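# Coordinates in review
Take a look at the letters that make up each chain.
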Amino acid sequence: MATPDFSIEFYPPKTPEGADKLRVARAKLALLQPKYFSVTFGAGGSTQQGTLDTVVEILGEGHQAAPHLSCVGASRESIRAILKQFQSHGIRRLVALRGDLPSGYGGAGELRYASELVEFIRAETGDWFHIEVAAYPEVHPQARSPQDDLQNFARKVQCGANAAITQYFYNADAYFAFMDQTRKLGIDIPVVAGIMPITNYTQLMRFSDMCGAEIPRWVRLKLASFGDDSASIKAFGLDVVTQLCERLLAGGAPGLHFYSMNQAAPTTALWERLKVA
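First, a word on what this report is: a plain description of the structure on this page. Worth saying up front: this structure is predicted, and the values here are computed from it rather than measured.

## Brief notes about the packing of aromatic side chains
Summed over the entire model, instances satisfying the criterion amount to 12 aromatic pairs. Through a chain of ring-to-ring contacts, the aromatic side chains of F6, F258 and W271 assemble into a single cluster. One residue, R92, lies across the ring of W128, its end atom 3.9 Å from the ring centre.

Listed below in structure tokens is the structure:
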């Protein structure tokens, strides 16, 4: 079996202080030698320059980096200009997403779905980019049905995606069931499991409600029982997520993608528990 790949995600900082904090966190996480760092793209492209600046800085430090690119609310011409920017900086990997419309935004833009974005990137740039797309083992919250969601994923692959990263989840069975379904459709691209460390109960509940990630009842109740005891929340969360990662890797997951939230400690703790470093 191939050695699993590990990658780490950041969001672009909004302030000079945030940028300094991210540099410190990134220096620590770089010691883990992930395959690459990815940098998110705000709703409607709201962090476009920050995403590019962060990626260019990471590349300048000698690490592989992948900007996210979302198409909702964008025109073909604006996407074309961003792709040219990426190419001019020697960026060879990107994460292609539909993305969310920012509040108060008008139309959906010229490209409505991630599959259309992938198709457009391939038409404009050929094989220049290694394209990652999103996968949803627990079904996208806006999908009409699980079957429809699976077909949407298949379309992204057919349009030229090289690999996928999942939404985070805490139920390994959901991932393995999703992989079984994709294989039945003849899809064989790597689907890397997205991993969200558990460090803050309130924040986790808010994120999970937004993105449709299910928190198992026993985990939710245990976290709630700790109240404001952040040390117990982090210790229990580390146990839960370590066991999840171990089961995923033992079951053949091709890699793990850690949602770092621009912090070094939670991902590093998981990494050391998994004896990856």
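## Quick notes on the sheet that holds strand β4 (residues 93-97)
Ordered by their spatial adjacency, 8 strands build a closed barrel running β1-β2-β3-β4-β5-β6-β7-β8, and the pairing between neighbours is parallel. Adjacent strand axes in the sheet meet at a mean angle of 30° when their direction is disregarded. The pairing of β4 with strand β5 (residues 130-135) spans 3 bridges and is parallel. Of the residues in β5, the one forming a bridge with L94 is I131. Along the sheet, helix α3 (residues 76-88) makes contact with β3 (65-70) and β4, crossing β3 at roughly 175°. Sheet contacts for helix α9 (residues 230-250): β1 (5-10), β7 (191-195) and β8 (255-259); angle to β7, the most-contacted strand, approximately 175°.

## Considerations on the side chain of H140
Counting through the fold element by element, H140 comes out in the loop between β5 and α5 (146-158). A polar side-chain atom of H140 sits 3.0 Å from the main-chain amide nitrogen of Q142. If near-sequence neighbours (up to four positions away) are discounted, H140 is found in contact with R98 and D149.

## Quick word on the environment of L256
Within the secondary structure, L256 is located in strand β8. By relative accessible area, which is 0% here, L256 ends up buried.

## Description of the pairing of β5
In terms of burial, β5 is a largely internal element, 5 of the 6 residues being buried. In the sheet, β5 pairs with strand β6 (residues 163-166) via 4 bridges, with the strands oriented parallel. Opposite E132, over in β6, you have A163 as the bridge partner. This β-α-β element, β5 to α5 to β6, shows right-handed connectivity.

## Some points on unusual backbone geometry
The backbone of Q33 shows a phi angle near 55°, a positive value even though the residue is not glycine. Residue placement: Q33 occurs in the loop between α1 (16-30) and β2 (36-39).

About the thresholds
Residues numbered from 1 in each chain as written. Predicted model: local features only at pLDDT ≥ 70, side-chain atom pairs only at ≥ 80, totals over all residues. Heavy atoms only, no water. Phe/Tyr/Trp six-rings, centres within 6.5 Å; stacked < 30°, edge-to-face > 60°. Lys NZ or Arg CZ within 6 Å of the ring centre and 35° of its normal. Pairing = 2+ DSSP bridges. Helix = DSSP H or I, 4+ residues; strand = E, 2+ residues; numbered from the N terminus. Axes fitted to C-alpha atoms, helices over the stretch in contact; angles between N-to-C directions. Contact = heavy atoms within 4.5 Å. Polar contact = N/O pair within 3.5 Å; in protein donor to acceptor, adjacent residues only side chain to side chain. Buried < 20%, exposed > 50% of the residue type's maximum accessible area, 1.4 Å probe, protein only. Right-handed = clockwise from strand over helix to strand, strands pointing away.

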